[in-house]
Amino acid sequence: QTTITVATVNNPDMVTMQKMTRAFNEAHPDIKVNYVTLAENELRQKITTDISSGGGQYDVITVSNYETPIWAKNGWLKAMDHLPESYQVDDLIPSVRQGLSVDDKLYALPFYAESSMTYYRKDLFKKAGIEMPDHPTWSQMQDFAQKVHDPKNGVYGICLRGLPGWGENMALFSTMVNSFGGRWFNEQWEPQLTSQQWKNAANAYKTMLTQYGPPGSTSNGFTESETLFANGQCGMWVDSTVAAGYLSNPDNSKVADQVGFAQAPHETTEAGSSWLYAWALAVPESAKKPDAAQTFVDWATSADYIQSVADAHGWLSVPPGTRESTYESQGYQKVAPFAGLVEEAINSADPEHPTAEPVPYTGIQFISIPQFQAIGTRVGQIMAGILSGQSSVDEGLEQAQAFTERLMRRAEVTRK
Amino acid sequence: MSASPTNASPKRRAPTRRLMAPAVLFLLIWMIVPLAMTLYYSLQDYNLMMPDMRGFAGFLSYELLFTDPVFWDALLNTLLLVATCLLITVVAGLALALLFNRTFVGRGIARTLAISPFFVMPVVTGLIWKYMLLDPVYGLFSWVMRSMGFEPIEWLSSYPLLSVVMMISWEWTPFALLILLTGLQSLPEDQLEAVRLDGANRWQEFRHIVLPHLGQVLYVVVMLESIFFLTSFAEIYATTSGGPGTATTNLPYYIYLGAFYQYDIGLSSAAAIGAVVLANICAIFLIRFVAGNLNAGSQR
Amino acid sequence: MAIVELKDVAKRYDSMPGKKGGEHANAVEDFNLITRDGEFVVLVGPSGCGKSTTMRMIAGLEHNTAGEIRINGQDVSAVEPRDRDIAMVFQSYALYPHMSVYHNMAFALELKKTPKDEVKKRVQEAAKILDIEHLLDRKPRALSGGQRQRVALGRALVRQPQVFLMDEPLSNLDARLRVEMRAEITRLHRRLGVTTFYVTHDQTEAMTMGQRIVVMRDGRIQQIDTPYNLYERPLNRFVAGFIGTPSMNFLQADYQGDTLRGEGFSCSLNPHQQAALGDAGQRARCWLGIRPEHLHQADTFTGSGRLEGAVEVIEPLGPVTMAQVRIGETLVTAQLAAHLEVQIGDTLALAFDPDHVHLFDIDSDRTLGLETDPAVSAQATA
Amino acid sequence: MAIVELKDVAKRYDSMPGKKGGEHANAVEDFNLITRDGEFVVLVGPSGCGKSTTMRMIAGLEHNTAGEIRINGQDVSAVEPRDRDIAMVFQSYALYPHMSVYHNMAFALELKKTPKDEVKKRVQEAAKILDIEHLLDRKPRALSGGQRQRVALGRALVRQPQVFLMDEPLSNLDARLRVEMRAEITRLHRRLGVTTFYVTHDQTEAMTMGQRIVVMRDGRIQQIDTPYNLYERPLNRFVAGFIGTPSMNFLQADYQGDTLRGEGFSCSLNPHQQAALGDAGQRARCWLGIRPEHLHQADTFTGSGRLEGAVEVIEPLGPVTMAQVRIGETLVTAQLAAHLEVQIGDTLALAFDPDHVHLFDIDSDRTLGLETDPAVSAQATA
Amino acid sequence: MTASTVDKTPGRKSGAGGTALTLLAWLIGITMFFPILWVVLTALKTEQTAFSMTPTFIFSPTLESFKSALAQGSGYWHYALNSVITALGSTLVGLALAIPAAYAMAFYPSKRTDFTLVWMVSTKFIPAVGVLIPVFLVYRSLGLLDTRLGLTMLFTSMNLPIMVWMVYSYFRDIPVDIVEAASIDGASTAQTMFRVILPLALPGLASTGLLALILAWNESFWSLTMTDYHAATLAVYTASFKSGEGLFWARLSAASVMTIAPIVVLGWFAQRQMVRGLTFGAVK
Ligand SMILES: Nc1ncnc2c1ncn2[C@@H]1O[C@H](COP(=O)(O)OP(=O)(O)OP(=O)(O)O)[C@@H](O)[C@H]1O
Ligand SMILES: Nc1ncnc2c1ncn2[C@@H]1O[C@H](COP(=O)(O)OP(=O)(O)OP(=O)(O)O)[C@@H](O)[C@H]1O
Ligand SMILES: [Mg+2]
Ligand SMILES: [Mg+2]
C-alpha cells in the first residue's frame, strides 16, 4: 500500500474530486490518497516553498498554466510523456494543452479550464430597451452600464474584479489592456505600461467601476462579484466562465432564469480579450511516489472521470474546459446552454498572440515569466489605488512602469 | 515592600545562571540560527524561481531595498500602524480594565465577553471584518448607515489603514485589558487607602497610585503589543492584501510579497534585517523613554 | 477641630469565623464615645482587641456594620474617606513605594494645591523633627524599619486635618527617639488642637499623651477615663491589670470582718473597704490587687500587709530591680530598690500599704467599692 | 549551639548615596563580635543604625561587602541562607500570604520532613505560647498587626536552629503580652541554648534578656558589654545617653581643683573623679552626666550637688512622676515621687549624689576615668 | 494592609453613577463580543441567507454548515487533537522554561537583567515571513517538517519571550521578603518556587498560560507552511474552508466557530483564576 499526498485548491471541482476518491480507490486499492486542501494563495505559497527547495512533501500538486511552463523549465515537474492510449491526449482542448506544454511536451494534465465571458441580466436589459450583442465592445459595455445602473434599488451597472492580485483584478484588466491594443513588453522586453493603450484601458476600467460599479469594488474578487450577481445586484459582469453553471442554478442564484451570456468584450482588437486559465495536476520531480502519483493524475483528468462525475453528481458538476468530448456530450449540452459559448472562448484564446502587436512572451492575462506574479500583484495594487482615488491613472501607470522596470533590471543583474 | 537584595552576591548568582540557562539557550538557538541565515541570504542572489542563479550579491539587495519607494511606504505604514494601535489599545485597555475591576452584577460574564475577541484567529478576524462588518454592500456597518439614511462608507478602499487599525484594535484591546486587569488586581490596598486619606480624588488616585503601580505591567503591554503590531500580517493578508496601492503594505507584508511573489529571498531577507533594525530602534526608544517612567512604579 | 462621635458602633468582618473556640464574633462591639473638640484620645488594649479596626472605621476605610459615626455632628457613613479630612498613620505604614520620601510626605499637600514653597517648608520641618532630612530623596525600599515608620508619621504630620489617627506610630523607634517624638506630637497637638486618636502599646505614651484613654478588650470598651483615674480607680480587674507595668499582682483572699486573709498574708481593711466588701454580700472571697510599685522590702516588718515567699526571678533594670516572689500559687512581682541584695531562692519579705490595694469581685471581676456603675461612669466621663 | 563570629564586617548598599549631608557611607562598618556558644546577644541602637543589616548579613540575605562571617569556625560566605540553619523573625514579618497561620508556622518543619504529628505538636505548642491558637486557620490578611507579628515569631519558635535572629519581634504587642513573650523567649533560650541575636528598642527587654548588649550607632559598634556594665560604666556619652529611660541628663561644667561648676550648680568631686579629670589635661571643661533616677527633690538641701530651676513639664506616670526643669540652657529630667506637689512654672530644687555622676570628655565624648581604652574594652569583653 | 475590598468602604455604594458604569461595562462587553456572535449566527444560516443586504437576525437555524464542518472527511478531530497537543505542549514547555528564568531575574536581579529581557524580546522582532525559508530549510534537514514536535518547538520559541516577560512582571509584584523568609525556612530553590512563589503568582501565571495557549492555537502562518497533515492544526483546517470559488461563508463560519470554541471555553474558565492578588498581609 502506498500513500500519496495531493495538494489541491479548495475550489468546488476539486472538492468533487475528493468526493470521487472512493471510485479511484476501488480501481486502485493499493493507493491511499491524502489531500492537502487550501485556498489558492496558501497553496501556491506552500507548494512553491516545497518544490523550490526540493522538499518532496507532495506527490501530486495542483498548478496552473501560469507556473507549469516556468517550473517545467526549472526541471521541477515530471514530463507527462508516457500517457496510456486510453487517456486520449488528443481529446484535450488544444489551447489548454499548449498552455501546459513546453516544447510540445506536456508537464501537467488539465483538470479544468476556464476563459472569460460576459454575463448580463436579460430582464434589466429589456427594461432599459437595450440588447447585448454576442461580441460586445468595452465602449458598449460602458454605455449599457450607465443605462442599467440603479443603485437606489441595489442594482449596479457593471461588476468587475477590483480586488488587487495578479489572478484577481489583473486577470481581467490584462484582457482589457489586450483588447485596447496594449502590451506588457515590446519585443526588447521593455515595459510599455505608460502607453496610450494602457491609459485608455485604465480610464475605461476606472470610469466603469467608479461610476457604475458597486461600492468598495477594490474588495471584490471573483467570489464577491459572483455573490453580487447571484443576488441580483449587477447589471453586467465580465468574469470567468466557471460562474456560468453557478449562476444558472436556481439553488444558488436569485437570477438564474435571467442570466444572459456573451463573449468577453473587446475594443480595438479581439485578440486576448478573453483569458485562458487552467488548473492542472502535475507530479513534482521530488515526488516520493511518482508512479502512484502518475496513476492518480491520469485518473483525475481522464474522460472516464468526467463521465463518472456526471453519473454521480450530474453534468453541471463536471470539470469544464479540458476535453472536447465534454462539449460534444449530449448530457452536457442539455444542462449547459452556455457550453458552446465557453468552448468558443477557450478555443479562441491564443496565448501566443495575446494582442494585436507582437510580444516576446506567451500568456493572455499573465506572462509566463517568474517576475510576473510580483509585477501583476504590484500593478494590481496600483489599479486598486487608482480606483480608490489614491492616485490618478497617469501617476499610477508611471509607478507601475517604474516598478516593472526595476524588477526586470533586478532579473538581468542576477542573470549576469 | 522591603529592603531588597540590591546586590547579587556571587554565591547567589549560581542559581540564577542555572535557572536562566534553559530559556536563554533555547532562545539563543532560535534567534541566532535564523538570523544568521537571514543575514547570509540577504547578501546572496537567491530567487526561488531561478534555481540556477545563485551566488554572492554583496549589498545589492540592500541597495534595491532602499531605492524602492514601496519599502519606505511600508516603513511608514508600519510605524503608523504600531503607533495608532498602541495608543488605542493601551488607552482603551486601561479604561476597560478600570471598568471591569469594579464589582458589579455579572462581572465575570461581561468581562469574558469583552475579552473574547482575543481568542479569535487573526485570519478569521480579518475575514469577519472584511465580509461581515466592513463590506459596503453586505456589511453590518453599511446596513446601519443605510438604515440611518447615510451613504455607506467604503471602509477598505477609502480608509484602508484605519480599517486595519480598527481590526487590530478590536483584537488586541482585550489583550491589554486582560493584562492590565491582572495588574490592577495586585495593587496593594493599603496604598489606595493611604491615598484616599490624603484626599486624592478618583483621578488623582489613578494618576498617582494606580498608574505608577501598573507601570511595570503597562511596560510589558506596550512592549509586547509593539512586537505584535510590528509583525502584524494576517489581518492585512486577509483583508486588503496591502492595498489599495501601498496604503496598508507594512513591512511584514512587504517581505511576504518579496518572498512569495517576487520569490526574491535575497531581497526579503534584507527587508527582514531592516525590520529587525527598526524593531530594535523602537525597543531602544521604549526602554529609554518609556521604561524610565513606567518602571518607576515597581515595588522594588 | 472636630468632635468625633461613635454610637453603638460595631464591626464584623465578613471572613470572620463564628464564635468558635472562645472567639468573639465581632471585631468591635458597642463602641460608644464622644470626643471633645481637639481632644487627644488614646486607645489601648491587648493585641487583636479592635483598636485598628476602630481607627479604620473612623477613617472610613472600613464600613461599620452597626451603629453610627458622626464627625462634627454629621453622619459620615456616606462620606468617602477622602472627604473626611483625616490624616492617618497606618500600622503597616502603607508608604507609596514609587515615591521618594519627600514626595510621600508632600503628596497630600500637593493634592490640595498647596503652594510649592509652603509644601517644601512643611516637609522640611517635619523631616527635621523626625530626623529624616538626609533621607528625603530615597525611596521607601531603601529605608530601615524605623525610618519607614517615621516617614509614615511624617506623612500625617505635614497636614492639618480635622482628625489625626495614629496607629502605633512609634512602635519601631528607639527609646530616645520615641521620647522626642512623643514630645513633638504633644506639642503639635497643643499647637493645632486637632482631635487625635492614638493607638499605642507603650504605657508611658498612653499615660503621658492621652487626655482620655480607652481601654479595649475583645472588641469591647472596658473603661474610658483619664490616665490618673485609670491607674488609681480601674473599673475592673482587667483594666487594673492592663494599666501599669509590671502589672498589678492579684491574690485571692477571704475576708472576715475587717481582715483579709490569703495564702501567707493578712491585712486589715479601712472602713471604706469594709463597706465595699460588705456590699458584695455573702461571698467571703475576693481578689486583692497590689501594684508592684506598692510593695517594698520589709525584712523586719511584721504588721498588716506582709507577704513572704521565695524569690524566683530577679530582673535588675538599672534604677530599680524587679523581683518575683512566690506566694502560694501566685508569682508576685515587686519593684524594689536598685541594689537588691538577694539571690534566687532566698526568702523575701514584702510589705504593702493596705490603703493602696484594690479589691475585685471574685466572679464579675468588677472593682468593689466604686460609687458608680462602671458603664455609667464610662459615659459620664465622656 | 553555635559560635557566630563577625570580623571587620561592613556593608554598603549599592543604592546608598555617598557621604552627603552628614550621612555615613556604610550601613555597617568594622563590626567585630564573637559570640559564646548559646549566648543571647541583644543589638540596640538608634533607628537606622544598622541592626537589621547586621542580622541580615548573618542570615546570608545580604552579602557583607567587607570582612568575614564565621559560624562555628566555618566561613559562611559561600553558604546559602537555607543551609545556615538559622531561624529569623523579620522586622517586616514576611509572612506567606497564601498560607494559613498554621502552615506559615509549619512550613519550615514540613520542608525538613518532620513527621506530621511532631509538626502539629510543635505548632500547637508555639501557638499556645503566643495565644494565637484560635487563629491557626486564618490567612495573614485577616489578622491584626500584633497577631501577624506573633505569627512571624511563631514561625521561628517552632524550629530548633543553630542561631535565632529576632528583629524587633515584640514591638507591636501590648505590654502584658510582651512581658509574657519575653519570659517565654528567655525560657526557650535557657532550654535549647540556641545562640540568639535579638534586636529591640525596648530597654527593659534589652536589659533583662541580653547576656551581652551591642550598642550601635551609625553602623559602628559603640560598646559591647553586659547590661549592668552598660548602665554603670558606659564607654562614652552616646552609650550613657542611650541606655536608661529617660536618658541621662548632660550638663556642661568647668572644674577647678576638686569642684565642678556649671550654670546654677556646683559639686565637689571624689578623688577618683579628680584623677580622671586631671588625666584629661589642661581642659577645664567637661560633660557632667546625671541619670534622672539619681535626681531627687531637695527643697531644703543646700550642699554639693544642688540644681535649681523652673519646672517646664510634668509627666505623672503612675508610680513615679517625671519633671523637666530648666537649668541654664538645658532641660533636666528628674524622676520623682508619684505625688509631686508642684505646678508648671514653680521653681524646683533637685539634688544628686556626686558619686553617681558620669564625666565625659568635652570633645571626644569619651568617659573620663575609665581604666581602659574604649575600643580595647569593647574587644576585651568580647 | 487589610482584606477589605474597595467597594465596601463607605460612600462607595454604587449609586446612579455606579449603575451607569455597570451598564456601560455590559454594553462594551456585548459590543466587543458582537462580531463573534455574528459569526455564530452566520454559521447557523444557509449560504444564501448568510449574504444579504439587510442582515437577518431572525431565521430558521440550520446545522448544515456544522455538519459539513464536522463531516468525516473534514478531519476536524484530527486537527483539533493536533491543536491541543501543540498549543498545550508549547504552553507547558514555555512555562517550564519561562518560570525559572523569570524567577531568577525577578528575585536575583543583576545589571544584566534588563539587557537579557530586552534581548529575549528582540528575538521576536523578525517577522515570521522573513525567516520562513531559513527555518523551513533547517526543519527539512532535521526532518521536523509536519511533525508535532517541530511545531511545538516553533510555538515555544514564538511565545517564550512573551511568557518570560509576563511572568517576570508578575513575580516582581511579590515582596522579596517572602522569598527570603522561605530561604531562611530552609526551602530549596525548587521548593520556594513551587510552594511559595507559584501559588502567589497564580493569577498571573494563569493569564500568561492562557495567552500563550491562545497565541499558539491561533497561529496560522507557521502551521500552514510547516505542516501538511500529520501535524496540521485547526488553523490549517480553517484555511481549508476558504475557497476562491463559490459561496463558503456559512461553512467557513462554522469551521471558525469550531476552531475558536475550545479556546473560548477554556478562556472562560481560565479567567476565573485571575482573582484578586494574594499578597495582602505579607509584609509591613
Ligand atoms: N536597601 C537599602 N538601600 C540603601 N540603604 C539602605 C537599604 N536598607 C537599609 N539602608 C540604610 O542602611 C542603614 C541601616 O539600616 P538598617 O535597616 O540596618 O537599620 P536598623 O538598625 O535596623 O534600623 P531600624 O531600627 O529603624 O529598623 C539605614 O540608614 C538605612 O537607611
Ligand atoms: N480582615 C479581617 N478579617 C477577619 N478578621 C479580622 C480582619 N482584620 C482584623 N481581624 C480581626 O479583628 C480583630 C481586631 O483586629 P484589629 O486589627 O482591630 O486589632 P488591633 O487591636 O489593632 O490589634 P493589634 O494591636 O495587634 O494591631 C482581631 O481579632 C483580628 O484577628
Ligand atoms: Mg492594630
Ligand atoms: Mg531594622
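Here, the structure is the one placed above.
Summarised in this report is the structure supplied together with it. It should be emphasised that the depicted structure is a prediction, and the values quoted were computed from it without experimental measurement.

### Some words on the overall build of chain B
Across its full length, chain B holds 13 helices and 2 strands. The principal-axis extent of the C-alpha atoms belonging to chain B is close to 75 × 70 × 30 Å. Taking all 300 residues of chain B together, 70% fall into the buried category. Partitioning the intrachain contacts of chain B with sequence separation of at least 6 by distance along the chain shows that 68% fall at a separation of at least 24. For chain B, the accessible area works out to roughly 9700 Å², and carbon and sulfur atoms hold 71% of it. On chain B, the mean spot of the 16 positive side-chain charges and the mean spot of the 17 negative ones are 18 Å from each other.

### Let's talk about the coordination of the magnesium ion (ligand 4)
Residue and element names in this part refer to chain D. Protein coordination of the magnesium ion (ligand 4) is provided by S52 (OG) and Q91 (OE1), with donor distances spanning 1.8 to 2.2 Å. In this pair, S52 sits in helix α1 (residues 51-59) while Q91 sits in the loop between β6 (86-89) and α2 (101-111), placing the two residues 39 residues apart along the sequence. Per residue, the accessibility class of S52 equals that of Q91, and both read buried.

### Digging into the environment of S90 of chain E
Residues and elements named next belong to chain E. Its place among the elements puts S90 in helix α4 (residues 76-107). Sequence separation between S90 and I263 is 173 residues; the distance between their C-alpha atoms is 15 Å. Contact partners of S90, with chain neighbours within four places excluded, come to I85, T152, F155, T156 and A216. In this structure the side chain of S90 is engaged in a polar contact, spanning 3.0 Å, whose partner is the backbone oxygen of A87.

### Some remarks on the site of ligand 2
Lining the immediate environment of ligand 2, one finds 22 residues, of which S52 and T53 of chain C together with S144, G146 and Q147 of chain D sit closest. Ligand 2 sits at the junction of chains C, D and E, each of which supplies nearby residues. The separation between an oxygen atom of ligand 2 and a polar side-chain atom of E168 of chain C is 3.4 Å. Between ligand 2 and Q147 of chain D, the relevant distance is 2.6 Å, taken from an oxygen atom to a side-chain nitrogen or oxygen of the residue. For the shell around ligand 2, the secondary structure elements donating two or more residues are α1 (51-59) of chain C together with α4 (145-157) of chain D. A class-by-class count of the residues in the shell around ligand 2 yields 6 nonpolar, 12 polar and 4 charged.

### Let's talk about the sheet that holds strand β19 (residues 347-352) of chain D
Residue and element names in this part refer to chain D. Reading across the sheet, the 5 strands line up as β15-β19-β16-β17-β18 and stay open at both edges, with antiparallel pairing between neighbours. Two strands bound the open sheet, and with one partner strand each, they are β15 (295-297) and β18 (330-337). This sheet shows a mean twist of 50° between the axes of neighbouring strands, independent of strand direction. Relative to strand β17 (residues 320-327), strand β16 (residues 306-316) runs antiparallel, the two sharing 6 bridges. Looking at β17, one finds that E315 is bridged to M322.

### Let's talk about the site of ligand 1
Residues in close proximity to ligand 1 total 22 residues, the closest being S144, G146 and Q147 of chain C together with S52 and T53 of chain D. Looking at what sits near ligand 1, you find residues from chains C and D. With respect to ligand 1, the backbone of G48 of chain D contributes an N or O atom lying 2.7 Å from an oxygen atom. In isolation ligand 1 exposes 630 Å². Once the protein is present, 98% of that is buried. Elements that contribute at least two residues to the shell around ligand 1 include exactly α4 (145-157) of chain C together with α1 of chain D. The class makeup of the residues in the shell around ligand 1 is 5 nonpolar, 13 polar and 4 charged.

### Considerations on the packing of helix α3 (residues 69-101) of chain B against helix α10 (residues 202-230) of chain B
Residues and elements named next belong to chain B. Between α3 and α10, the shortest axis-to-axis distance is 10 Å and the interhelical angle comes to 140°. Taken together, the axes of α3 and α10 lie oblique to each other. Considering only the axes of α3 and α10, their crossing is right-handed. Along the contact surface, α3 presents T78, L81, V82, C85, L86, T89, V90, L94 and L98, while α10 presents F206, V210, L211, L214, L218, V221, V222, E225, S226, F229 and L230. Residue composition of the contact of α3 with α10, by class: 16 nonpolar, 3 polar and 1 charged.

### Describing helix α10 (residues 202-218) of chain E
For α10 of chain E, with 17 residues, the first-to-last C-alpha span of 24 Å sits near the 24 Å given by 1.5 Å per residue. Of all 17 residues making up α10 of chain E, 16 are buried, and the element is well covered by its neighbours.

### Let's talk about the interface of chain B and chain E
The interface of chain B with chain E comprises 111 residues on the first partner and 118 residues on the second. In total, chain B and chain E occlude about 10000 Å² of area from one another, counting both sides; carbon and sulfur atoms represent 73% of this. On the surface where chain B and chain E come into contact, there are 0 salt bridges. At the junction of chain B with chain E, the criterion picks out 5 residue pairs in polar contact (both at pLDDT 80 or more). The element best represented in the side of chain B that touches chain E is helix α1 (residues 10-42) of chain B, accounting for 21 residues. The residue makeup of the side of chain B that touches chain E, split by class, is 78 nonpolar, 20 polar and 13 charged.

Analysis parameters
Residues numbered from 1 in each chain as written. Chains lettered and ligands numbered in written order. Predicted model: local features only at pLDDT ≥ 70, side-chain atom pairs only at ≥ 80, totals over all residues. Heavy atoms only, no water. Helix = DSSP H or I, 4+ residues; strand = E, 2+ residues; numbered from the N terminus. Buried < 20%, exposed > 50% of the residue type's maximum accessible area, 1.4 Å probe, protein only. Contact = heavy atoms within 4.5 Å. Areas by Shrake-Rupley, 256 points an atom, 1.4 Å probe, with all protein chains shown as cover. Lys, Arg positive; Asp, Glu negative; His and termini not counted. Charge placed at Lys NZ, Arg CZ, Asp CG, Glu CD. Donors = N, O, S within 2.8 Å, 3.2 Å for Na, K, Ca; no water. Polar contact = N/O pair within 3.5 Å; in protein donor to acceptor, adjacent residues only side chain to side chain. Near = heavy atom within 4 Å. Nonpolar A, V, L, I, M, F, W, Y, C, P; charged D, E, K, R; others polar. Pairing = 2+ DSSP bridges. Axes fitted to C-alpha atoms, helices over the stretch in contact; angles between N-to-C directions. Parallel < 35°, antiparallel > 145°, perpendicular 65-115°, else oblique. Left-handed = near helix turned anticlockwise from the far one by under 90°. Expected span 1.5 Å × (residues − 1). Buried area = accessible area lost by both parts, 1.4 Å probe. Salt bridge = Lys/Arg side-chain N within 4 Å of Asp/Glu carboxyl O.

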